[in-house]
Amino acid sequence: MEDDFDTILTKLGTGKWNIIFIAAMSYWYSLVPSHAVAGVFLAPLVNHTCHLPSNTSNFISTNTSTITNTSTITNTNTHDIDDDSCSFLVRDNTTGNLVEELCTQWDFDHSTFVSTVTSEFQLVCEKMYLRATYQSLYMFGMMVAACFSGYLADRFGRYTIVAISTVTYSFIAVGSSWLPSLSWILAARFFLGIMHPASILTGFILVMEVTEVKMRAIIGISQFITWSFGTILFSWMAYLVREWRLLQTVMSIPCFLFIPCLCVMGESPRWLAVVGQHQRALKELRRAAKWNKVTLPPDQELLAIMQKVQEQALTNKHDITSQGICSTLQQLINKVTILFRTPKIRLVTIIMCVAHFVVSMLFYGLTLAASTSGINPFLYLALSGAAELPSTSLFIPIVTRYGRKKITIISYFLCAAVLLVQPLVPSDLTWLAVMLTMTGKMLVSCVSSVVGLYSLELNPTEIRSQGLGASMLTSRCGAFLAPFIISAVEKNHPWVIPVVFGLAALVAGVVILPLWETQNTRLPDTLAELEGHILPPNTTETQIKTSYNSTGKTKATSEDKVILTDDACM
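Residues numbered from 1 in each chain as written. Predicted model: local features only at pLDDT ≥ 70, side-chain atom pairs only at ≥ 80, totals over all residues. Heavy atoms only, no water.

(A) Inspection of the confidence of the model for the protein at higher detail. Here the protein shows a mean pLDDT of 79. Residues at 70 or above account for 82%. Taken together, the stretch residues 316–325 has pLDDT below 50 and engages in 8 contacts with residues farther than four places along the chain or on a different chain. Taken together, the stretch residues 534–570 has pLDDT below 50 and engages in 71 contacts with residues farther than four places along the chain or on a different chain. (pLDDT = per-residue confidence, 0-100. Contact = heavy atoms within 4.5 Å.)

Pasting the structure below:
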């Protein structure tokens, strides 16, 4: 009998026990898009004109090219946000000269939205950057959380972090709908962002760690199909509910329905085995066997497998203990450096960080680019959500058959091609430009689904949360930058957006080339197993725990033995 945990999961198969995890997290994934891309409808670009002070006898015009004696507001552009709305001209009674005065209040166009964060807090002119900030603070919270969410999941368990983050997210989402201050709203957006990866990433890990090998690709991709439906539902609800506070409330209340799901879910038995909680793992496995109506090997055999997994994760523990208690700083340094300590994990870390940075920047950037599409924003977001569906339906059999690496590279290259062609489309062919954009969104959605699974399979169990956490951190950097990139060029140079995104996709496709295929391979539980894949066949486990010089030869050091155990300084 094989001595890895995947053997147990294979015997459990896929039944009611697994489906509970999959269905619960899939439901949660459908609730998050309305907050992750809330800026599209809650803080959009809104046409506005300067609201004149009560004394307008000397008012000339909001349009500096048309100077006439009038006290009537002149809306110089009914379709675009124009800088002229930020000031107006008055004639000085003493000198007769024209003096420019800054607007302090504005009248907003309510034909599309009854109320928005933009109109309620007048986020225009010198405050326009706060629109991008509203969206990016959520991403910044995700970026901050990526620094520690993986560690917390490794330290306290997958289920515990999922439970805390989802409940907290639900209360903040509903409560922030009625906050009176913009500062408090922005703070709430930041804390929502912190809870995002703690629930999404950790939930994804939890589902994958209770899934048997042959179903991992299908479930890993298909569970995110509800994200697409959540995006489409958000556009539909935004069309029906045009008042931002009510819209956010309506989209947030269903979050509380996830709480009953927590009552029937359990902890990852794989994680329990790695951290040495074998009796809890055994109890969860017996529950799984009962629900799935299968028979597992005797307890002694299961415990032997779990003991083997734990021993691999705790190799050289006696050497570590003899060195005394590490400082907190040393622990943090070790947690980071372990992702770069050996050649293969270093390669995985760097490439996956680049891939996640690009895919997140493109995914959110193309979703938030409704203002540059030239079509109805509700239709644009609905199409954007629909464009994500092939990534969870069409690509399941493709990824299962052709593997992760080929599909990731091809999708990146095709995405780059359609986005680089999009600026060449004539301005009167809006439908073609939108079609190319949606094709790019479909391809980057496919990459988003595959690269998450790919990264999970590349990282060993003992540092899987840390590896995915590092990827998530860089991914949130891309998501954080996307709104500012769009805001900077959407008015005067909208063609720059697809060019920047297209070039980024091209670079990401190239950097994936050195990686290896993970299709139909068992998940490595330790760094020793991962590094063993690239060492000579006769290399021993002791030789694996070494540092590598520039020639590829090895020389064992006591420091490397400490670092390679991941939780050495815990």
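(B) View of the side chain of Arg 245. Mapped onto the secondary structure, Arg 245 falls in helix α12 (residues 244–252). When neighbours within four sequence positions are excluded, Arg 245 is seen to be in contact with Glu 120, Phe 121, Ser 177, Trp 178, Leu 179, Pro 180 and Ile 185. (Helix = DSSP H or I, 4+ residues; strand = E, 2+ residues; numbered from the N terminus.)

(C) Representation of the packing of helix α22 (residues 404–421) against helix α23 (residues 430–458) in the model. Across the interface, α22 lies against α23 with an axial gap of 9 Å and an inter-helix angle of 155 degrees. With respect to α23, the element α22 is oriented roughly antiparallel. Like other packed secondary-structure pairs, α22 and α23 cross with a definite hand, here left-handed. Two secondary-structure elements touch here, α22 through Arg 404, Lys 405, Ile 407, Thr 408, Ser 411, Tyr 412, Leu 414, Cys 415, Val 418, Leu 419 and Val 421 and α23 through Leu 436, Thr 439, Gly 440, Leu 443, Val 444, Cys 446, Val 447, Val 450, Leu 453, Tyr 454 and Glu 457. Along the lines of polarity and charge, the residues of the contact of α22 with α23 split into 15 nonpolar, 4 polar and 3 charged. (Axes fitted to C-alpha atoms, helices over the stretch in contact; angles between N-to-C directions. Parallel < 35°, antiparallel > 145°, perpendicular 65-115°, else oblique. Left-handed = near helix turned anticlockwise from the far one by under 90°. Nonpolar A, V, L, I, M, F, W, Y, C, P; charged D, E, K, R; others polar.)

(D) Layout of the packing of aromatic side chains. Taken as a whole and assessed by the stated rule, the structure comprises 15 aromatic pairs. Arranged with centres 5.4 Å apart and planes meeting at 70 degrees, the rings of Phe 190 and Phe 191 form a pair that is edge-to-face. Phe 191 sits in the partly exposed class, given a relative accessible area of 44%. When the centroid spacing of 5.3 Å and the interplanar angle of 80 degrees are considered together, the rings of Phe 363 and Tyr 364 count as edge-to-face. (Phe/Tyr/Trp six-rings, centres within 6.5 Å; stacked < 30°, edge-to-face > 60°. Buried < 20%, exposed > 50% of the residue type's maximum accessible area, 1.4 Å probe, protein only.)

(E) Spatial organisation of empty space enclosed by the protein. Applying the stated criterion across every chain, the model contains 6 cavities of 30 Å³ or more. Lining the largest cavity are 26 residues, with Ile 200, Phe 224, Ser 448, Met 472 and Arg 476 positioned closest to its centre. Of all the elements in the fold, those that place two or more residues in the lining of the largest cavity are α9 (182–209), α11 (225–240), α19 (343–368), α23 and α24 (464–489). If one sorts the elements of the lining of the largest cavity by residue count, α23 sits on top with 6 residues. Looking at the lining of the largest cavity residue by residue, the classes come out as 12 nonpolar, 12 polar and 2 charged. (1 Å grid on protein atoms, 1.4 Å probe; cavity = no way out; pocket = protein on both sides within 12 Å on 5 of 7 lines; lining within 4 Å. Points joined across faces, edges and corners; volume = space filled by probe spheres on them.)

(F) Structural detail: the nonpolar core. Trp 28, Phe 41, Met 352 and Leu 362 are the most contacted members of the largest nonpolar core, which totals 136 residues. If sequence neighbours within four positions are ignored, Leu 362 has contacts with Cys 415, Leu 419, Val 444, Phe 501, Ala 504 and Ala 505. Listed in part, the 11 residues of the second largest apolar core include Leu 52, Cys 86, Val 90 and Trp 106. (Core = buried A, V, L, I, M, F, W, Y, C linked by side-chain atoms within 4.5 Å.)

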